[in-house]
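# Observations on the three-dimensional arrangement
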Amino acid sequence: MKILSIYDFSNLTQAIHTWLSGKMSVVSTQVVEMILVGTVFLLFFAVLGLVLVYAERKVCAIIQVRLGPMRVGKWGTAQTLADFIKLVFKEPLITRDADKFLFNLAPFIIIIASFMAVAVMPFAKGLQAMDFDIGLFYISAVSSIGVTSILVAGWASNSKYSLIGAIRSGAQILSYELSAGLSLLTIVILTGSLQLSEIVESQADGWWIWKGHVSSIIAFVIFIIAGTAETNRGPFDMAEAESELTAGFHTEYSGIKFAFFFLAEYVNMFIIAAIGATVFFGGWMPLHVGNFEAFNNIMDYIPSVVWFFMKVSAIIFLMMWFRWTFPRLRIDQLLTLEWKYLLPLSLMNILLMAFLSLMGWHF
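Residues numbered from 1 in each chain as written. Predicted model: local features only at pLDDT ≥ 70, side-chain atom pairs only at ≥ 80, totals over all residues. Heavy atoms only, no water.

Turning our attention to the domain arrangement of the protein chain. Taken domain by domain, the protein chain consists of domain 1 (8-85) and domain 2 (90-359). Averaged C-alpha coordinates put domain 1 and domain 2 at centres separated by 19 Å. Facing the 20 residues of domain 1 at the interface are 24 residues of domain 2. Summed over both partners, the interface of domain 1 with domain 2 comes to about 2,000 Å²; 83% of that surface belongs to carbon and sulfur atoms. Counting across the interface, domain 1 meets domain 2 through two salt bridges. The shortest N-O distance in the salt bridge between Arg323 and Glu56 comes to 3.4 Å. Residue assignment for the side of domain 1 that touches domain 2 shows that the elements contributing at least two residues are helix H1 (10-23) and helix H2 (26-63). A total of 15 residues in the side of domain 1 that touches domain 2 trace back to one element, the largest contributor, which is H2. Across the side of domain 1 that touches domain 2, the residue classes tally to 13 nonpolar, five polar and two charged. (Domains from an automatic or database assignment. Contact = heavy atoms within 4.5 Å. Buried area = accessible area lost by both parts, 1.4 Å probe. Salt bridge = Lys/Arg side-chain N within 4 Å of Asp/Glu carboxyl O. Helix = DSSP H or I, 4+ residues; strand = E, 2+ residues; numbered from the N terminus. Nonpolar A, V, L, I, M, F, W, Y, C, P; charged D, E, K, R; others polar.)

Interhelical geometry of H1 versus H2 gives an angle of 140° and a closest axis separation of 9 Å. As far as their axial angle goes, H2 and H1 are oblique. Crossing hand, H1 versus H2: right-handed. Within the contact between the two elements, H1 uses His17, Leu20 and Ser21 and H2 uses Thr29, Val32, Glu33 and Leu36. Of the residues assigned to the contact of H1 with H2, the class counts are three nonpolar, three polar and one charged. (Axes fitted to C-alpha atoms, helices over the stretch in contact; angles between N-to-C directions. Parallel < 35°, antiparallel > 145°, perpendicular 65-115°, else oblique. Left-handed = near helix turned anticlockwise from the far one by under 90°.)

The next point concerns unusual backbone geometry. One non-glycine residue, Asn158, lies in positive phi territory at about 55°. Structurally, Asn158 is set in the loop between helix H6 (145-156) and helix H7 (160-191). One non-glycine residue with positive phi stands out, namely His213, at about 60°. Note that His213 resides in helix H10 (residues 213-230).

This part is about the pattern of salt bridges. Using the criterion set out here, one finds nine salt bridges in the structure. Between Asp205 and Lys211 there is a salt bridge, with its nearest N and O atoms 2.9 Å apart. For Glu265, the salt bridge goes to Arg323, with nearest N and O atoms at 3.6 Å. Here Arg323 lies in helix H14 (residues 304-323) and Glu265 lies in helix H12 (residues 255-280), a separation of 58 residues in the sequence. Relative accessible area serves as the criterion here: at 23%, Arg323 is assigned to the partly exposed category. When salt bridges with common partners are traced through the structure, they connect Glu56, Arg233, Glu265 and Arg323 into a single cluster. (Buried < 20%, exposed > 50% of the residue type's maximum accessible area, 1.4 Å probe, protein only.)

If you want it as structure tokens, here you go:
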């Protein structure tokens, strides 16, 4: 673990803070730092959306034995950028009887909620905008704000398709939040902390997906299913069922407002994958195998931020694999899966993990 100090961003962030403090007042320093962090996150969101949309198109194409986008840019790499430019220059239409204020507000709510959730993610050692002692609870709370945006968008659109999609989405997200939260609590029992940096540090000698035995594996499976459902992605995309509801809650949106909803889906997918990587797979911690010092030292040379994004990418690929493999569920099947199977299993799994932790039967 000594080599990890090479990639510790704490010195860099502290140096920036010290330099700014020497140039301006305390309040001005805080304002400038917030502007810098906000700008970085804006650029990160823009790049993340472009990369994930392109990645999903290629993953979908590979699964369906075709090429995917190939014409705009080399291997179609500029296709998502072309789509973004098209959406920016499209006229933002609004239906005649819509509630204009709420209609325009809804896309911003979901983007703001995503920003608030990403703010506490530990991307690498010392690279974290905020580090609350209730970080995991904070993410669960602010990510729930997104459903408000969906309900507001469906209601304000004054469209039956949008309203039905919003109602479906609200029922779906509120239901699956229970299983997602309980699966995370299963690991909190082992860590004894809700602070994300401490959860990562507790996995220095091994990731919880392995140290927690079968209970942590069950928790991860439940989390990834519930997380996929929370992001309204297939096979749980009942809120946007194109064959029934056109586009669901954002049917009436166009231009940049539609782009906000589209971007939020992929950002939320990243957030789910980042939480899974942090809680179950050690976040930015490298892969260590027992007392194999040579192997462990080689793993330590890989930057912590690379480890984080490798793990997140693997989980995102798993979620994409789900979407393009399984058929869409009916709304009754979707809710039955949560209330009859996942929720009882989550409760029993928490009891199992509490017993394993009490007896000290985890690694």
